[in-house]
Amino acid sequence: MQYIPQLLSGESNLFYTLLIVILILTKYYHADSTKVLESSLWRSSDYGTTYTKLNLMPGTTIVVTSFYICPTNKKKVILVGSSINERDQMLFISTDEGSSFQRQSIDFTPDTLIFHPKEEDKLLAYCKEGRLFASADLGHAKNAAVFVSQLGPALLSYLYVTCLIQNCSDKMVTAQFLGKIDHNSLLVQDDYVFVKVTTGNRTKHYVSYRRNEFVQMRFPKYALPKDVQIVSTDENQVFLALQEWYQSDTYNLYQSDPEGIYYSIVLENVRSTKQPEENVLIDILEVRGIKGVFLANQKIDGRVATVITYNKGRDWEPLAPPTTDMNGKPVSCKAPDCHLHLHLRWADNPYVSGTVHTKDSAPGLIMGAGNLGSKLVEYKEEMYISSDCGKTWRQVFEEEHHILYLDHGGVIVAIKDTSIPLKILKFSIDEGRTWNIHNFTSTSVFVDGLLSEPGDETLVMTVFGHISYRSDWELVKVDFRQSFPRQCTESDYDSWQFTDQKEKCIMGQERTFRKRKDTAFCIKGKSYTSALTNKPCQCTEKDYNCDYGFEQSHMETDRCIADFWYDPDSPPEDCHLGQTYMSSTGYRKMISNSCEGEPNKQQSSKKHSCPLLAPKGLRVGIKGQMLAVAPGDDITFTVHQEQGDTSSTKYQVDLGDGVRTIYQNLTVTDEPIQHRYENPGIYKVKVKAENMAGHDEATMYIQVTAPLQEVHLEVVPIAGRNHEVNLTATVLPSEANLTVFYWWIGDSMQPILTLQNNLLTRFPGTGKVSVTVQATNSRSMVQDTRTVRVYDNFQVIPLSFSRNLDRFNPNIPEWRDDIGQVVTKILAKITGVPQNSLVTVVKPGLPTSANLYVLPLDTKPAKRSLFVDKVCYHGAAGSAGVWTLAVIFLIGLIATGAFILYKFKRKLPCTHNYAQMHSVKEQEMISPVNHSEDTQQIIQGEEYIDDDLDSQTLGNAGGSPAFRSLIRTTTNHCY
């Protein structure tokens, strides 16, 4: 229980206008090791003096998770809640500052609600599962649209799409960016929309200005950004931090032109810190109250130092140290060896301030924690204050304090940042020059946060915390209104001119502000305005930054020189013959700078006529960036030309399948080239751009292939150690092309890659070896696995079958497996050899043949079978032991052959397509041997002999010509 519960979080504003809605924690208990919070909702309309308990649904327990306030009308409030079991989701909508609520049931669980920045009844609700809901009547009705789309089952891709809120659905969306974008890269901020696209190890960033087309953001050529963080987008300019390829814990700051396209560096090596969930904190802070003022912590050679700019990054300087400490004694810190350094981090607790405190209604007032010295010390947090926007500083405390500004900075409240309970707070009414102590409670409390009314300035605040970690929340109202007897008048103010440490003209103007006199004890009030006068100045060199492609000279800081990779006189991409363009001389007037006139000719741009340029940098691509497509897919080609004339250029397009077309102004009109390839293959797409000045060509290769459906691995189940073994993969569909095979053998984590569907290999050890093949063709991947038993010694006996069997051989792997199992079973039964010692492998192709593998017997000597005493000789093929063994098997083979011929008297279907066979392989029509009733009986051990082959026939078979012929062509092999 460190912070006040979630209800107070809201959006970014705390709800405190003549109203306080606070979740009072009354008690908690444990049930099944789950912590359950019992809470109630209270409302106050008199700054916390009295409270009224709110009952959203009488008799029903409601869990309120968050609440949101309309930024343009703070009377409109929405609470997000659910039933205790989270089955029923609902919104509670108020239009009278929470005095009453109307319940609205919803069928989704919102993760975030966002009000429209201008139209108070429009809001969006986002769900974590990627759904976005829109409402135009303050949540009473909704339209739903899926704005983030998933493309492809294996790889998540995202599109940036939009739709009109009046008719918004997943069918009415429009793609605003052609192509996929990175996850969580979409950022909409003021007039700018940002996305990024990562391909390989390169990331490209794009920007849309005022919702126009997206343009690639132009950084210095060799910046090669690893990450980009947007700092600000106000005043018609993008200010961002970019981590370049060589940086790890620092970023460089860049400024853009008005469209957010071209960027120039303004500060290098700003410190950054990685946070949980990949969040990055960058040590830069915009000083509120005066535009163009920023603080940053720069890290060079391991040392962190604080610098400040008054002209939005053109010039940076260190903070001047104070002349005395908080007790008025002189300090030994002297520039240039010693300066003031501040911590620029946000507080983890959203209800206390960070380490630096500024406010829009208190221009020039900066208060922060830091130290004096040559660098920033991480755990040293003395408190310093400046009343002139950082020009001079004073020390006020030796330890860090939580700070709250009241009445436009007329009252500064400070409470010590400590883990012990407190009774007192300090406050100042003269911008920190003197401090008073106030006992805000009679009982010490652990302070968890400070609250004040946002927007409208008052002198009432609330301190909230708890007496102990088991106690209820304590809220203490502190009212400073009684300390001031009257409202301020014009005579109570002095004028203060804003200057940096050298110049009065900053950002092209002299600015003067009101400041209350130190001796005036009066209330500034809600009608107070700080700005007094603005007077434009004559433009000088200091009102200009270095333009894109230029950098500041190290010898002359006011001089900009071109980078080695940049030609300032080269015409822009959209420069056409007959037009003119302005080339930069290296200087760009700072945006939001109000100076008048031109300083000198050096700052003026040069005017050029657009020459006829040959096309250069021609590229052809595919919308969606898919280079591998299926037959019949619709493809949209895109053509981009980096340089050269486009209005008079002809583009010859050859799509590689006989289709050729000629386009005019192809890259200007953005005319799509749509095509469809019907047949698999590799197609070479070629685009030639040509005009009177020259030509350029671009080529790409399109792979058109159907997704793989299946792969079947064929390998002998038995192999000899260190003997060559052939692995073969059969892929479906058979017309699939551009297939790559990955072979995984044994426990190896390094596959063997081949473009052929076979591989010769050897197994160095005995035992079972797993072999897996993966086949991929860039659109899909399938795999199959087989196990090979590797032995030192075994026998191989070739088997032949009647040619009649060939008529019924569909030559597919499953048929061969079934026939092999049937032969093995019958031979084992006839010979008495254990079935696990026999393996029959039917070979692919015609004529039908097979190999019988006789494996070493793993039985005791007393139960040896007919084969136990046989010895495998490597001598003459006619040795007695070998031929005796062969004759025994061939007797069984005659019976087997008779059975197979009998079973195939019925004709197989005419189709032998493997894919068709596999899809209906459970049906009997595929293989009578595999699925007939007779086959099932054979598997159960019953004998089937053809009616024409009785026992006498089998007994005389040994003398038949067919039998003698079979013996002559049969040889057994030993391993």
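Residues numbered from 1 in each chain as written. Predicted model: local features only at pLDDT ≥ 70, side-chain atom pairs only at ≥ 80, totals over all residues. Heavy atoms only, no water.

Within an unreviewed UniProt entry, the label attached to the protein reads VPS10 domain-containing receptor SorCS2, and the organism entered is Astatotilapia calliptera. In its Sequence similarities (unreviewed entry) section, the UniProt record describing the protein reads: "Belongs to the VPS10-related sortilin family. SORCS subfamily." (UniProt positions renumbered as here; feature names shortened; annotations may be inferred.)

K.L.:
Explain unusual backbone geometry here, please?
P.N.:
A negative phi angle is the norm for most residues apart from glycine, just as the trans form is the norm for most peptide bonds. Cis geometry marks the peptide bond from leucine 732 to proline 733, where omega comes out at 0°. For proline 733, the location among the structural elements is in the loop between strand E58 (724-732) and strand E59 (740-745). With omega at -5°, the peptide bond leading from leucine 846 into proline 847 counts as cis. Within the secondary structure layout, proline 847 lies in the loop between strand E65 (838-842) and strand E66 (849-854). In this structure, asparagine 811 is a non-glycine residue whose phi angle is positive, near 60°. Looking at the secondary structure, you find asparagine 811 in the loop between strand E64 (795-800) and helix H2 (813-831). What makes asparagine 811 partly exposed here is its relative accessible area of 39%. (Helix = DSSP H or I, 4+ residues; strand = E, 2+ residues; numbered from the N terminus. Buried < 20%, exposed > 50% of the residue type's maximum accessible area, 1.4 Å probe, protein only.)

K.L.:
Any chance you could explain a nonpolar patch on the surface here in plain terms?
P.N.:
The grouping of Leu224, Trp245 and Tyr246 at the surface amounts to a nonpolar patch, some 330 Å² of accessible area in total. Topologically, leucine 224 is positioned in the loop between strand E17 (215-216) and strand E18 (227-232). Look at leucine 224 and you get partly exposed, because its relative accessible area is 34%. (Patch = residues over 30% accessible without salt bridge, like charges linked within 9 Å, V, L, I, M, F, W, Y side chains within 5 Å. Areas by Shrake-Rupley, 256 points an atom, 1.4 Å probe, with all protein chains shown as cover. Salt bridge = Lys/Arg side-chain N within 4 Å of Asp/Glu carboxyl O.)

K.L.:
How should I be thinking about the packing of aromatic side chains in this particular structure?
P.N.:
The relative placement of two aromatic rings is captured by the distance of their centres and the angle of their planes. Applying the stated criterion to the full structure yields 23 aromatic pairs. Between phenylalanine 108 and phenylalanine 133, the aromatic rings sit 4.0 Å apart at their centres with planes inclined by 10°, giving stacked as the arrangement. Pair noted here: phenylalanine 108 is in the loop between strand E7 (102-106) and strand E8 (112-115) and phenylalanine 133 is in strand E10 (residues 132-135), with a separation of 25 residues, a long-range link. Both residues of the pair, phenylalanine 108 and phenylalanine 133, belong to the buried class. On the numbers, 5.1 Å between centres and 40° between planes, the contact of phenylalanine 219 with tyrosine 263 is tilted. Separated by 44 residues along the polypeptide, phenylalanine 219 in the loop between E17 and E18 and tyrosine 263 in strand E21 (residues 263-274) bring together distant segments of the chain. Note on phenylalanine 219: relative accessible area 9%, which makes it buried. On the basis of relative accessibility, which here comes to 0%, the residue tyrosine 263 falls in the buried class. One cation-aromatic arrangement involves lysine 515 over tryptophan 496; the distance from NZ or CZ to the ring centre is 5.0 Å. (Phe/Tyr/Trp six-rings, centres within 6.5 Å; stacked < 30°, edge-to-face > 60°. Lys NZ or Arg CZ within 6 Å of the ring centre and 35° of its normal.)

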